[in-house]
Each structure stands twice: as C-alpha cells, then as structure tokens.
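# Observations on the three-dimensional arrangement
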Amino acid sequence: MSYKKINLNIDNYMIVILVFVYFFLYFSNIFAVVDSVEFMSTDPSSIVGSINSLFVDPVYNMNGGYHSRVYGWTYFAENFFVLAPFKLLGADHVTVNIVIRFFLFVVGLGVVLAFFALLRRVVGSWLTFFLAFYFITNPVVASFFVTIHPETTGVFFYLVALFFLWRLYDRGYSGVSNYIVAVICLTLSALSKQPFAIISFFIFVGFLFLYIREEKPILKKLVSSLDFRKKLALTLSLVFMVSFFIHPYLYIDFKESLGYQLRPLSHSSGSVAGIVYPWGKVAIEHPIVILNFSLLMLLPYRKRLNLSDVFVYSLVVSVVLTLLFMVMQKRFITIRYIFPLYPFYILHVAYIVHVLYERTGRLVPGNKFRAGVVVLIGLVVFPSIFLNMTQSAYSVYKRVLLDGLTTKNVIWEYIQTLPEDVRVFYIPTVAVPDKYKAKGCHVWRNCSSYDRMARYNPDYIMVSWAYKHFDHEMVQKYINEKQYVLLKEVQSTSSVRRACGYKFSGSSLGSKFISVISPLASMRNADDCMKAIKGLVLARKNQEITGFDISVYIRHD
C-alpha cells in the first residue's frame, strides 16, 4: 500500500476534533451503571466479577472467574494492575466499577488514535478524518466503547502492531525495536479473545510473506540461516514471556486452561445452511460489511488498477475470516461478533477510494471532475454518518440518563426486604443481592432444567417472560405444577425504546439494503433518533421505569 506524507498541523487539528467527539459521546459512560455489578448487563456483570476474582487467593489466577478463564486474558491482566493500587487502598465497589469503566474509556481512546495513525499511512488527511469519524460514531464500534468487554483491547493491540510492522517494512526491515513492539502487541491482541488470535496469526503470516519476498532467497537457505534462527528464537521467546506474564496458569495448569478454551465452540454447533439467511439479514443492515465483500469484484482488475499485494491479501483474508466468524457463531447471530474486523473493512475502503481517486486524476485532467465525485459521495454518505452518530448517542445517553431507573433497581429494593434464609430462583434480568445470590439458583446454571429446579425447590421464582434466552416452557410448567402464585409484578412505566435507527419498509433483504443506503431514509431515521434522545431526557425528568417486566412468584404451601 502507499505511504502518505503527514501534515502535522492539519493532522493535529483533526485529532483534536476526533478526540472531542469521542469525549462528547463516551465520557459520561464512565459514571453510568456503577452502583452494583448486578445492574449491569449479563456479560459486563460476569466480566467485572471475574476481574474482582483475580484479587482472591490464589491471586491473579485467570482460571478463577468464568470470563477470565474462557477469554479476555489481556484485558483482565491490565485491569488487575490498574486496580491493584485502589484495592490496596481499600476502594469500595463503586470506585472499582468507575476505574474499570475509565480504563475501558482510555483503551477506546487509544483505538481511535491508533486507527487514525494507521489510516493516515494509507490516505490523505481529509479522507482519514472522514473515515475515522465514521469509525468513532459507528453504532457497532460504539457498543464496545461503552460495554465492558475485551474486544476493544484486542483491536487496539493489533492496530499498534500493524503500525510498527508497517514502519519496519518502510525502513527495509532494519531496526529490531519495531519488530519487538509488533510481536508483543500481536501476542497481547491474540490473548484478548479467540478471534484476535486468528487475526494476529494472519497479520504475522502476511508480514512474513512480505519479508521472504523482499529477501528473495532460496527458502531452504533462508530457513537454515543463522539470522532467521535468531529471529525465530526471538519471536518465540517474546510470545512465551508475554503469555506467561499475562496468564501464568496457562502453563502452570495447561490442561485445565486448554479445556476452558473449548467452551466457546458450543456456539458453533448447528447447521451452516441454517445461518445463511439470518447472517445475511444482519450483514445487509451494515453497509461496510457488504462493501468489503463487494471489493472482491475488483480483484480481476488488480493489475490494471495496480492494486497492492498487501491489499489483496488483506481483503481476501478479511472476507474468509468474516465467513469463519459467522460459522463460529450460530447461536447468537449479531453483528458484534464481526466487530474485530471492522478496522480492516474501513482500511480497505480507504485504499480503494485513494486508488480510484488517483486514477481518475490521470484519466480526466483537472480537479473539477474529482471534486464533483467527492461532493456526490459526501452527499450520499453524510446522512448515514449523521444517523450513526445519533444512534450511538442514543445508546450511550440512554445508559446514562436511565441509570437507576430500571426494573432491576426496583426488584433489588424489594428483594432486600425478604428474609435472609429464603431460596430464590432468578434469570439474568433480575438483580439479586449477594446474600441471596450465594444460595440462589440461576436459570442458566444450577436451575437449567425442571429436575434441577425441583431439587432446589425455590421459595421465590423471579422471571421476565419477555426475555428470550431461557426455557420459558420449562419454567412455566414448574410454576403451574408446583402451584406457585403470582406475588408481585414490577412493570416498566416508560415508553423509551430499546434502540433507535433504521426502520425497514419491507421484509426482503433487498428492501432492507435500500433502506440502509438511502440518504433520505437515513435523515428521517436520524431525526427519529433525535426525538428518541429528547424522550430519554423527559423519561429522566419524570423518573420513569424502564427494562423488562419482572414477575415474582411464591411457593404455595
């Protein structure tokens, strides 16, 4: 790929604007939903619990908590060292939760700056700013800037690794420091979650291919050379040292640690044919994913367009990995599982826009034609970016403005009034204080079947029937046959939406795609999001309660 000369004055102004937008959208999230992990959504609650478990004897054992043992080792290790001083000073749980959210905010800011720096090596200032702005405000990306999860850490480290590998390539592979930083960052990214291990592997393979091609040796001679053996030893040593530092129990108890890594494979069970339409339905609502697939049509013209081998390799790998990640996720089909590849999608678009822009400049003299094309593209794309920003703002400020005003908060207060020796059955939408949770029964774990519920014999059953991810029929059957009676209902009193954004006029994939790319539809939906944000402010003012309705049943004796 090409290397663009950097104008520090313009770039610095653009970075300031991007940082300001990032702060405007995401800073307030640091102080939202920090009163208790029980008020967080399912994964963040479990992840924060896993972070806290690192401080319980044996200290810094990733195998102690559910999420830390399954994935996210880099993220948990970093949080451990960030939180350690606060834990030593006796910080309360609210402070701990704020620090965890602040760390997520800082990592997200690092992603923004690293992505800008990488984009800037591909295209000019204005296109870099435009695409970085799109990246920051994209709702899929935004969800990981505010939701406690290890994906943001994984993206940050592979972006930094790409930057230093690119620098090493530009300098003719001279300077071992760039290589060391890149390998360390690729290892840290790989340890963030299983998809990042796959991405990091292909990044390293691509770099190795470039290195071998540049050297142009006989492969056998290269592999047997002393220089190659030294670099191989350095690479393996760095990978081992970093992984041992991040997760020592990976080696101390390798068999147990490896067993935990197989758990996410349960999401891969099912028919491939059965996920084609659902994944197509999800992908069609995200133009950047479809656009990345569409770029494959340019490959037959790679020589005529003089496309870089790096671009071709990156594009093909990104498409293959997109399909692989879709196949790996058959149970919960949502675009968030494709997020690790989003920076590549945008980098590919940036490169192709740059190539086509330069080519039209050679074919059509003067700048008027190219300027007209840029204006036309801007008029088409800007409404979509504005909609992205309003969607992201709604998702963030909903979390902030409605903090404390949920059915979870209400049921929390009610449960506190129950006798301490009662046995409680609950699902993820119900916040249960520790004194009841310690001997409680969760629908996903110790009460996942009728027989288990019968053996536990709960005094109270607390359930949200609108929540999808549990066996409704089994729980309803148990309630009916054991003659539980409805004791209390906590209902939402708010009309705020779970989300705002695209509204589709038809059910076909084609009609959805047209709705997504239509500038007029984007502006209408953006206006709808603005009204939804006003609705949030009004809901806060009126102290409206939102969330899933919760029904409480008591055993009839």
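See the structure shown above.
Attention in this report is confined to the structure presented alongside it. (Residues numbered from 1 in each chain as written. Predicted model: local features only at pLDDT ≥ 70, side-chain atom pairs only at ≥ 80, totals over all residues. Heavy atoms only, no water.)

### Comments concerning the environment of Val424
Mapped onto the elements of the fold, Val424 is located in strand β1 (residues 424-426). For Val424 and Val537, which are 113 residues apart along the polypeptide, the C-alpha to C-alpha distance reads 35 Å. Ignoring anything within four residues of it in the chain, the contact list for Val424 reads Gly440, Cys441, Tyr456, Pro458, Tyr460 and Met462. (Helix = DSSP H or I, 4+ residues; strand = E, 2+ residues; numbered from the N terminus. Contact = heavy atoms within 4.5 Å.)

### A word on helix α5 (residues 93-120)
In this model α5 runs 41 Å from its N-terminal to its C-terminal C-alpha over 28 residues, within 8% of the 40 Å that 1.5 Å per residue would give. Among the 28 residues of α5, 20 are classified as buried, and the element is accordingly described as predominantly covered. (Expected span 1.5 Å × (residues − 1). Buried < 20%, exposed > 50% of the residue type's maximum accessible area, 1.4 Å probe, protein only.)

### Describing the side chain of Glu38
Checked against the element boundaries, Glu38 lands in the loop between α1 (8-26) and α2 (42-53). Not counting residues within four places of it along the chain, the set of residues in contact with Glu38 comprises Ser45, Lys408, Trp412, Ala431, Val432, Asp434 and Lys437.

### Examining a nonpolar patch on the surface
Residues Phe23, Phe27, Phe31, Phe102 and Val106 make up a contiguous nonpolar surface patch of about 440 Å² in total accessible area. Within the secondary structure, Phe23 is located in helix α1. Owing to a relative accessible area of 35%, Phe23 belongs among the partly exposed residues under this scheme. (Patch = residues over 30% accessible without salt bridge, like charges linked within 9 Å, V, L, I, M, F, W, Y side chains within 5 Å. Areas by Shrake-Rupley, 256 points an atom, 1.4 Å probe, with all protein chains shown as cover. Salt bridge = Lys/Arg side-chain N within 4 Å of Asp/Glu carboxyl O.)

### Thoughts on unusual backbone geometry
The linkage connecting Asp57 with the following residue, Pro58, adopts the cis geometry, with an omega of 0°. For Pro58, the position within the fold is in the loop between α2 and α3 (66-70). Phi at Val33 is positive, roughly 55°, even though this residue is not glycine. As for its placement among the helices and strands, Val33 is situated in the loop between α1 and α2. A positive phi angle, close to 60°, is found at Gln483, a residue other than glycine. Tracing the sequence through the fold places Gln483 in the loop between α24 (472-481) and β4 (484-490).

### Describing the pairing of strand β3 (residues 460-463)
Looking along a regular strand, one sees side chains alternate from face to face of the sheet. Side-chain alternation along β3 places Tyr460 and Met462 on one buried face and Ile461 and Val463 on a second face that is also buried. Looking at chain direction, β1 and β3 are connected through three bridges and run parallel. Each bridged residue has a counterpart across the sheet, and for Phe425 the counterpart in β3 is Ile461. Sheet analysis places β3 next to strand β5 (residues 550-555), joined by four bridges and oriented antiparallel. (Pairing = 2+ DSSP bridges.)

### Here we look at the sheet that holds β1
Strands sit in the order β2-β1-β3-β5-β4 across an open sheet of five strands; the sheet is mixed. Either end of the sheet is taken by a strand with one partner, and the two such strands are β2 (441-442) and β4. Pairing of β4 with β5 involves six bridges; the strand directions are antiparallel. In the strand pairing of β5, Tyr484 is matched with Arg555. Together, β1, β3, β4 and β5 form the strand contacts of α24, whose direction differs from that of β3 by roughly 145°. (Axes fitted to C-alpha atoms, helices over the stretch in contact; angles between N-to-C directions.)

### Focus: the packing of aromatic side chains
Within the structure shown, the criterion is met by 38 aromatic pairs. Between Phe144 and Phe339, the aromatic rings sit 4.3 Å apart at their centres with planes inclined by 15°, giving stacked as the arrangement. Of this pair, Phe144 sits in helix α7 (residues 139-146) while Phe339 sits in the loop between α18 (309-328) and α19 (342-363), and the two are 195 residues apart along the sequence. Residues Phe144 and Phe339 agree in their burial class; the two are buried. (Phe/Tyr/Trp six-rings, centres within 6.5 Å; stacked < 30°, edge-to-face > 60°.)

### A few points about the packing of helix α9 (residues 176-190) against helix α12 (residues 226-246)
With their axes 9 Å apart at the nearest point, α9 and α12 run at an angle of 40° to one another. By the angle between their directions, the pair α9 and α12 is classed as oblique. As for the relative orientation of α9 and α12, their crossing is right-handed in sense. Side by side, α9 and α12 meet where Val176, Tyr179, Ile180, Val183, Ile184, Thr187 and Leu188 of the first sit next to Lys231, Leu234, Thr235, Leu238, Val239, Val242, Ser243 and Ile246 of the second. Across the contact of α9 with α12, the residue classes tally to eleven nonpolar, three polar and one charged. (Parallel < 35°, antiparallel > 145°, perpendicular 65-115°, else oblique. Left-handed = near helix turned anticlockwise from the far one by under 90°. Nonpolar A, V, L, I, M, F, W, Y, C, P; charged D, E, K, R; others polar.)

### Thoughts on the state of the cysteines
According to the stated counting rule, one finds two disulfides in the structure shown. A sulfur-sulfur separation of 1.7 Å characterises the disulfide bridge that pairs Cys441 with Cys447. Sign of the S-S torsion, about 100° for the bond between Cys441 and Cys447, identifies this disulfide as right-handed. What makes Cys441 buried here is its relative accessible area of 1%. Take Cys447: its relative accessible area is 0%, and that puts it in the buried class. (Disulfide = S-S within 2.5 Å.)

### A few points about the environment of Tyr450
Looking at where Tyr450 falls in the secondary structure, it is placed in helix α23 (residues 450-456). For Tyr450, a relative accessible area of 21% corresponds to the partly exposed category. Along the sequence, Tyr450 and Met474 sit 24 residues apart, while their C-alpha atoms lie 6.1 Å from each other. Other than its neighbours up to four places away in sequence, Tyr450 contacts Met474, Lys477, Tyr478, Glu481 and Lys482.

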